[in-house]
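Tertiary structure, described
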Protein chains: 2
Amino acid sequence: MNIFQKIREYFPCVKERIFLNHAGVSPLCIPVSEAIQGYLKNKVSGEEEDFDVDSARKLFAQLINASSEEVALVPNTSTGLSIAANLLKYPRSSNVVTTDLEFPSVVYPWLRIKMSSNLEIRYVKNIEGRLRLEDFEKAVNDDTVAVVISHVEYGNGFKNDLKAIAEIAHEHGALIVVDACQSAGAMNIDVKRQEIDFLATSCYKWLLGPSGAGFLYVKRDLIEEAEPIFVGWASVKHEIFETVDLWNNTQLILSETARRFEIGTPSLLSYVGATAALELILKCGIEKIENRIMELTNYLIEKLKEDGFTIQTPQESSNRSGIVNFKASKPKEKVEKLHQKGVIVSARMNGIRVSPHFYNTKDDLERFLEYLKEIEDQPSGS
Amino acid sequence: MNIFQKIREYFPCVKERIFLNHAGVSPLCIPVSEAIQGYLKNKVSGEEEDFDVDSARKLFAQLINASSEEVALVPNTSTGLSIAANLLKYPRSSNVVTTDLEFPSVVYPWLRIKMSSNLEIRYVKNIEGRLRLEDFEKAVNDDTVAVVISHVEYGNGFKNDLKAIAEIAHEHGALIVVDACQSAGAMNIDVKRQEIDFLATSCYKWLLGPSGAGFLYVKRDLIEEAEPIFVGWASVKHEIFETVDLWNNTQLILSETARRFEIGTPSLLSYVGATAALELILKCGIEKIENRIMELTNYLIEKLKEDGFTIQTPQESSNRSGIVNFKASKPKEKVEKLHQKGVIVSARMNGIRVSPHFYNTKDDLERFLEYLKEIEDQPSGS
C-alpha cells in the first residue's frame, strides 16, 4: 500500500461520493476533523486558549520556502489581496497588469483603488486559454506598479510561469502579487526561486483545511516599508502590547514581521484544522502530490479525448495543474445531475471543471466518466 | 429548576473549574460544540458547503435591534473597527474623540490614520474610573468626525451611556463608533434607541461563541455612501457575481447592504458555533441575562467589600456591567495561583478582574472568594 492509498483512508468521503471538486471547497479529512474536535474538547472544559497559531504560520512558510516572519495570517485570499493592494502606492498614470482569466475578486481590490484614483488596469487576454509571456512583456511598462495574477487560473487550470512573469515585472520595477488558492497544496511553490513579492491563499481548497484560515506571504524586504491600513492588537510588537495595562499610549509601533498585516484574533478553530492539513501535505511531500495529481489529470484528459470531449485546458505539461476543464452543453444541468449521482464537479467556462486531489484514484475518474456517459446523450463539442 | 440552572448544564467547565473570565475568552458550551461537530461530520462526508451564514447575521441583528441588512460578518472586533475607521473622511483639522480607558486596539485604527494625516486624537480622561458626559461635551466639537468608545470598558467594567454620548456626537455632526465586545451577550444593546452609527464585536467573550466570528453593524443611512477599502467577492451584489463566469467585467458593483463590508469566505466553523451561541442567548433573553449578571456582580462587590478589598469598578448601577475589578498587589502572581486552583480570572489595571456570566452561581463566587483568601496574606488596599 503506497502513501496515497494510506491517506485515502483519512477521507471517508470517498465511500459516499466521487469528490472531484478541490478547486471549489474540499471535504475535510479525519486528521483535520479530529484536531478540531480535540480543540473543542479543551474549550468545553474551560481550558484557556492554548492553541498557538504560529504552528500554522511555520508550516505554511515551510511549504512555500519562506521564513515564518514573512507570513501573515489572513482569513481568506481576498483579504490577503486587499491588504497587498493597499500597501502599494499608485502614482499618477500608473497601471496594474492582470489577465482576463482571473477569478473576479482577484481584480476587485484594484478596481476599488481605480474608483478613487486614475489607476489603469491592463488585461492580458488569453489566447485559447493560454496567457503568453510575450503579452505580459507588451503590457508591463515602467508605470506598472504590480502584476496581479493567479498561479493557477480557476476556470481552465492554466498554470502561469510565475518566475518568468516576476522577471518581466521586476525588470520594470513592478512587483508580482499572486493568488495561490488554486495551487497551494497541489503544486510546488517556491517564493524564493519564483521571486514572488506577495502571495495569498485560503486553505479550504487544495490545502484541505477549513474556511476561515488563510495566509499572506510578503517578501522580507517589503515588510518594513509596508504600512497596513487595517491594524489592531495583532499588528503591533508583542512585547509592547503585553506591557500595556492601564493605557495612555499614543504610539503605534508595528511588528517588524508580517504580523503587522494581521488585525485581531483569527479563527482558532480554522487554524487548528489548517495546521493538521498542512502537516498531512508536508508529510506526503508537495512534489509527490504534484506528480500524483498530474498523473491523474493526464489520465483524465486522455480518457475524455478518447470519448470525444473537447478539452478547454491547455495541455502543455508546464502549464498544467489539478484542474481539467472540458466543453459541455448545459454544464450547470449536467453538474447537478452528476451531483445527484454523488459525483461532485463544477460548471465553469461553458464546460465542466474536474479537480482531483492526490488521494483520488483512476477508479474515481473512471466512475466519473461512466456517470458522465450516462447523462450525456452525445458529447458536446464533438 | 430555573432557566439558568438548566443552561448551566450546557457548561461542563463548571465541574472542572470556576470560570470567571468571560471578559477574556469564554469556554464553549455543549450546544456550540455539538453544532460545530455536526458541521464537521458533513464536511468529512464530502457534503458540499451548506451552512448559511445569514442565520448568524439575522440572530445578531435581532439581538441588537438592527436589520440584518445592516450587519456585516467580520472575523473580529478589530477588523470591524478598522473598516469603520477607514470609511470615514478626515478633513483638515478634524479630530476623533476617544478615552483613556480603551483597550489599545480600539484606538489603533485611528492612530494609523493619524500617521498619514493631521488627524487629532482627543482622549477623555477617566476620573476614578468614570468617564463623565461633561468631559465628552468639552472634547467634542464641530471638527469631530467620530466618538470612538467601548460600550463597557475592558479593565474596570465601566459601562458608558451610549445614547447620551451619541447625542453629544450627533449635535456636532459626528458619528459614534462602538466596540461592544465587552457588552454584547451580557448587556442589552439597542442600536436604534441608543442611536449608534457603527458597532463592532467578536463572539468569543460574552457572546459565548468561538473566535473567528464577529459582526459589524452599520446604520442603514450610512451604508450606501460608505465605500469599503477592502473588497472581494463577498462585497459585490450576489446576483451579479453569480452570473459572472468567463470574466471580462471591469465594474465593481457593491452590495447595497452591509455585505459590501465583507471581503471573502468567513470561517464557517466559527459562524456555525456563533449561531448556536446566539440562539442560546436569545432563548434566555438578554434582559434576563443582564439582570442575572448584575445580581451576581452586586453580590461579588458586597462580599469583596466585606473582606476589605478596594473595588476599582465604579458602583453606580447605571454604569455597571459584567466586569468587577478590585485592587490587588502582584495581581499577575495571584491570578496564576488562582489558575492553579482551577479559578480563571484576569489581572488588569493593578487589580484582579472577575467577569461572571449568567450561568455562574453565587456558589462559584463564594468558592472564588475562599480561594482568594487562601492565597492572600492580607488584602491589599485595605
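So, how was this worked out
- Residues numbered from 1 in each chain as written.
- Chains lettered and ligands numbered in written order.
- Predicted model: local features only at pLDDT ≥ 70, side-chain atom pairs only at ≥ 80, totals over all residues.
- Heavy atoms only, no water.
- Helix = DSSP H or I, 4+ residues; strand = E, 2+ residues; numbered from the N terminus.
- Buried < 20%, exposed > 50% of the residue type's maximum accessible area, 1.4 Å probe, protein only.
- Axes fitted to C-alpha atoms, helices over the stretch in contact; angles between N-to-C directions.
- Parallel < 35°, antiparallel > 145°, perpendicular 65-115°, else oblique.
- Left-handed = near helix turned anticlockwise from the far one by under 90°.
- Contact = heavy atoms within 4.5 Å.
- Nonpolar A, V, L, I, M, F, W, Y, C, P; charged D, E, K, R; others polar.
- Salt bridge = Lys/Arg side-chain N within 4 Å of Asp/Glu carboxyl O.
- Least-squares fit on C-alpha atoms with pLDDT ≥ 70 in both.
- Phe/Tyr/Trp six-rings, centres within 6.5 Å; stacked < 30°, edge-to-face > 60°.
- Domains from an automatic or database assignment.
- Buried area = accessible area lost by both parts, 1.4 Å probe.
- Polar contact = N/O pair within 3.5 Å; in protein donor to acceptor, adjacent residues only side chain to side chain.
- Pairing = 2+ DSSP bridges.
- Right-handed = clockwise from strand over helix to strand, strands pointing away.
- Expected span 1.5 Å × (residues − 1).
- Arc of directions from axis to C-beta.

Following the sequence through the fold, W233 of chain A ends up in the loop between α9 (220-223) and α10 (238-243). Of the residues examined, W233 of chain A reaches a relative accessible area of 21% and is grouped as partly exposed.

The next thing to look at is the packing of helix α3 (residues 30-44) of chain B against helix α11 (residues 268-284) of chain B. Residues and elements named next belong to chain B. For the pair α3 and α11, the least separation of the axes is 8 Å and the interaxial angle reads 140°. Judged by the inter-axis angle, α3 sits oblique to α11. Regarding α3 and α11, the two cross each other, and that crossing is right-handed. Side by side, α3 and α11 meet where P31, V32, A35, I36, Y39 and L40 of the first sit next to L268, L269, V272, G273, A276 and A277 of the second. Grouping the constituent residues of the contact of α3 with α11 by class yields eleven nonpolar, one polar and no charged.

What follows deals with the pattern of salt bridges. Scanning the entire structure with this criterion turns up 44 salt bridges over all chains. The closest approach of N and O atoms between E316 of chain B and R130 of chain B, which form a salt bridge, is 2.7 Å. Here E316 of chain B is found in the loop between α12 (286-306) and β9 (324-327), whereas its partner R130 of chain B is found in the loop between β4 (120-124) and α7 (133-139), with 186 residues between them in sequence. D135 of chain B serves as the salt-bridge partner of K138 of chain B, at 3.8 Å between the closest nitrogen and oxygen. Of the two residues, K138 of chain B and D135 of chain B both sit in helix α7, three residues apart, roughly one turn of that helix. On the accessibility criterion, D135 of chain B (14% relative accessible area) is buried. Shared partners join several salt bridges into a network, and the residues in it are R8, D363, D364 and R367 of chain A.

Note that the two copies of the chain are related through a rotation about an axis and a translation along the same axis. In screw terms, the move from chain A to chain B is a rotation of 180° and a rise of 0.0 Å along the axis, fitting with an RMSD of 0.0 Å. Seen this way, the second copy is the image of the first under a two-fold rotation axis.

Further remarks concern the packing of aromatic side chains. Under the definition given, this model contains 17 aromatic pairs over all chains. Taking the centre distance of 5.6 Å and the plane angle of 70° together, the rings of F4 of chain B and F358 of chain B count as edge-to-face. Of this pair, F4 of chain B sits in helix α1 (residues 3-8) while F358 of chain B is found in the loop between β12 (351-354) and α14 (362-375), placing the two residues 354 residues apart along the sequence. There is no split in this pair, since F4 of chain B and F358 of chain B are both buried. The structure contains a cluster of three or more aromatic residues connected by ring pairs, namely F4, F11, F358 and Y359 of chain A.

Residue and element names in this part refer to chain A. One can read the domain layout of chain A as domain 1 (3-28 + 285-377) and domain 2 (34-282). The partner domain 2 presents 27 residues to the 36 residues of domain 1 that form the contact. Overall, the association of domain 1 and domain 2 removes approximately 2,500 Å² of surface from exposure, summing both partners, and the carbon and sulfur fraction of that is 61%. Between the two partners, domain 1 and domain 2, sit two salt bridges. The tally of links from domain 1 across to domain 2 stands at 16 residue pairs in polar contact (both at pLDDT 80 or more). Here the element with the most residues in the side of domain 1 that touches domain 2 is helix α12 (residues 286-306); it accounts for six residues. Here the residues of the side of domain 1 that touches domain 2 sort into 16 nonpolar, 14 polar and six charged.

Residue and element names in this part refer to chain B. The element strand β6 (residues 175-179) is largely enclosed, with a buried count of five among its five residues. Residues L175, V177 and D179 line one face of β6 and the alternating positions I176 and V178 line the opposite face, and both faces are buried. Across five bridges, the pairing between strand β5 (residues 144-150) and β6 is parallel. Counterpart to V148 in the pairing with β6 is V177. Between the parallel elements β5 and β6, the chain passes through helix α8 (residues 162-171) in a crossover that is right-handed. The pairing of β6 with strand β7 (residues 198-202) spans three bridges and is parallel. Note that in β7 the partner of D179 across the bridge is A200.

All names here are of chain A. Taking 1.5 Å per residue, 14 residues should reach 20 Å; helix α14 (residues 362-375) reaches 20 Å between its end C-alpha atoms and fits that length. Among the residues making up α14, those that are buried are D364, L365, F368, L369, L372 and I375. Along the long axis of α14, the arc covered by the buried residues comes to 135°, so they all point the same way.

What follows deals with the side chain of H357 of chain A. Relative to the helices and strands, H357 of chain A is located in the loop between β12 (351-354) and α14. Only 2.7 Å separates the side chain of H357 of chain A from the backbone oxygen of W206 of chain A, close enough to count as a polar contact.

A word on the sheet that holds strand β11 (residues 346-348) of chain A. Residues and elements named next belong to chain A. In spatial order, the strands read β9-β12-β11; together these three strands make up an open sheet with antiparallel pairing. Taken across any chain shown, the strands that pair with only one partner, and hence form the sheet edges, are β9 (324-327) and β11. Here the average twist between neighbouring strands, direction ignored, is 35°. Strand direction decides the pairing type here: β9 and β12, joined by four bridges, are antiparallel. Across the sheet, residue K327 finds its bridge partner in β12, namely G351.

Within a regular beta strand, the side chains point alternately toward one face of the sheet and then the other, so they alternate between its two faces. All names here are of chain A. Pairing geometry for strand β3 (residues 95-99) and strand β4 (residues 120-124), over five bridges, is parallel. Along β4, the bridge assignment pairs T99 with V124. In this view, the connection linking β3 to its parallel neighbour β4 by way of helix α6 (residues 104-115) has right-handed handedness.

Of the residues lining the interface, 81 residues belong to chain A; the matching set on chain B comes to 80 residues. Counting the surface lost from both chain A and chain B, the interface buries some 7,100 Å², and carbon and sulfur atoms represent 61% of this. Our count for the contact surface shared by chain A and chain B stands at zero salt bridges. Here chain A and chain B share 23 residue pairs in polar contact (both at pLDDT 80 or more) between them. Of all the secondary-structure elements, those providing two or more residues to the side of chain A that touches chain B are α2 (13-16), α3 (30-44), α5 (77-87), α6, α10, α11 (268-284), α13 (331-340) and β11 of chain A. Per-element accounting of the side of chain A that touches chain B gives the leading share, eight residues, to α6 of chain A. Within the side of chain A that touches chain B, the residues separate by chemical class into 42 nonpolar, 24 polar and 15 charged.

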